[in-house]
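Topology and contacts: notes
If you want the building blocks of each chain, they are given just below.
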Amino acid sequence: AQRVTQPEKLLSVFKGAPVELKCNYSYSGSPELFWYVQYSRQRLQLLLRHISRESIKGFTADLNKGETSFHLKKPFAQEEDSAMYYCALQTGANNLFFGTGTRLTVIP
Amino acid sequence: DVKVTQSSRYLVKRTGEKVFLECVQDMDHENMFWYRQDPGLGLRLIYFSYDVKMKEKGDIPEGYSVSREKKERFSLILESASTNQTSMYLCASSTDRGTEAFFGQGTRLTVV
């Protein structure tokens, strides 16, 4: 069975400090990994996906199959990054499973 | 440009009532999902549908059923609402593997 683990429920960093939100997964097949974000009073939306290997709003995430991880990183946190972040795994059958989420607070 | 629409933002129902949550998408997506979102528990998948009349159970299907008679509409049914089903319910849709899932605005259901 598939599983997505986000070990930190809450994470606080100062503005300008680096940020790393951790995500580990377990899945027997070849997964598609995503990061979704939910800003206050907004819908859940896609931040980035591993397949596109892009940087969005300064965030990057690298899929490490050896460590089964997909950590989200940003070198310099901004106040507008404060939000709820979810790591998600898509199975071969297109089903989509989420982790428990990490609430990031960027302190001015 | 709203793409996934849930019929209600807020809903209050009594214990034992049959509850219908409706979700409509206008993107011709094959896949549709129902989740519940609870603090500390994240998004938990209730049901997934990959085509009309096709469904798969997610992690927490007990007490719920779904209906997908048309491609654009995916309904979540609480057969007999209970207080532990008080939650935020999110609907989503997607197309091919590796593509973005689009979410509705959520329905906050309170069962009293």
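Residues numbered from 1 in each chain as written. Chains lettered and ligands numbered in written order. Predicted model: local features only at pLDDT ≥ 70, side-chain atom pairs only at ≥ 80, totals over all residues. Heavy atoms only, no water.

A closer look at the overall build of chain B
For chain B, the count of helices and strands is zero helices and 11 strands. For chain B, the sequential pattern of α-helices and β-strands runs β-β-β-β-β-β-β-β-β-β-β. Its C-alpha radius of gyration of 13 Å places chain B within 12% of the 13 Å reference for a compact globule of 112 residues. Considered along the principal axes of its C-alpha atoms, chain B spans approximately 40 × 25 × 25 Å. Evaluated residue by residue, chain B yields a buried proportion of 48% over its 112 residues. Put simply, of all contacts in chain B between residues at least 6 apart along the chain, 54% involve residues at least 24 apart. Summing over all exposed atoms, chain B offers an accessible surface of approximately 5300 Å²; the carbon and sulfur share of this is 50%. Across chain B, the 16 positively charged side chains and the 16 negatively charged ones have centroids separated by 6 Å. (Helix = DSSP H or I, 4+ residues; strand = E, 2+ residues; numbered from the N terminus. Rg over C-alpha atoms; globule rule 2.2 N^0.38 Å. Buried < 20%, exposed > 50% of the residue type's maximum accessible area, 1.4 Å probe, protein only. Contact = heavy atoms within 4.5 Å. Areas by Shrake-Rupley, 256 points an atom, 1.4 Å probe, with all protein chains shown as cover. Lys, Arg positive; Asp, Glu negative; His and termini not counted. Charge placed at Lys NZ, Arg CZ, Asp CG, Glu CD.)

Structural notes on the layout of surface pockets
Space inside the largest pocket adds up to approximately 730 Å³. Lining the largest pocket are 29 residues; nearest its centre among them are A:Gln38, A:Arg103, B:Gln37, B:Met88 and B:Arg108. Each residue belonging to the lining of the largest pocket can be placed in one class, and the counts come to nine nonpolar, 13 polar and seven charged. When its volume is computed, the second largest pocket comes out at roughly 300 Å³. Taken together, 13 residues line the second largest pocket, and the ones lying closest to its centre are A:Arg3, A:Val4, A:Phe98, A:Thr100 and B:Asp59. (1 Å grid on protein atoms, 1.4 Å probe; cavity = no way out; pocket = protein on both sides within 12 Å on 5 of 7 lines; lining within 4 Å. Points joined across faces, edges and corners; volume = space filled by probe spheres on them. Nonpolar A, V, L, I, M, F, W, Y, C, P; charged D, E, K, R; others polar.)

Let's talk about the sheet that holds strand β8 (residues 73-78) of chain B
Residues and elements named next belong to chain B. The strand order across the open sheet formed by four strands is β1-β3-β8-β7, and the pairing between neighbours is antiparallel. Looking at the sheet topology across the chains shown, the edges are occupied by β1 (4-6) and β7 (64-70). The mean angle between the axes of side-by-side strands here comes to 20°, regardless of whether they run parallel or antiparallel. For strand β3 (residues 19-25) and β8, the ladder comprises six bridges, and the chain directions are antiparallel. By the bridge assignment for β8, Leu-21 is matched with Leu-76. (Pairing = 2+ DSSP bridges. Axes fitted to C-alpha atoms, helices over the stretch in contact; angles between N-to-C directions.)

A short note on the interface of chain B and chain A
At the interface, 24 residues of chain B touch 25 residues of chain A. A buried area of about 2000 Å², summed over both sides, lies between chain B and chain A, and 48% of it is on carbon and sulfur atoms. In this assembly, chain B and chain A are joined by one salt bridge. Here B:Arg97 ties to A:Glu32 by a salt bridge, and the two come within 3.8 Å at their closest N and O atoms. At the surface where chain B touches chain A, the tally comes to 11 residue pairs in polar contact (both at pLDDT 80 or more). Mapped onto the side of chain B that touches chain A, the elements with two or more residues apiece are β4 (31-38) and β5 (42-51) of chain B. For the side of chain B that touches chain A, the per-class residue count stands at 10 nonpolar, nine polar and five charged. (Buried area = accessible area lost by both parts, 1.4 Å probe. Salt bridge = Lys/Arg side-chain N within 4 Å of Asp/Glu carboxyl O. Polar contact = N/O pair within 3.5 Å; in protein donor to acceptor, adjacent residues only side chain to side chain.)

From the geometry alone we can't say anything about function, so treat these as descriptive.
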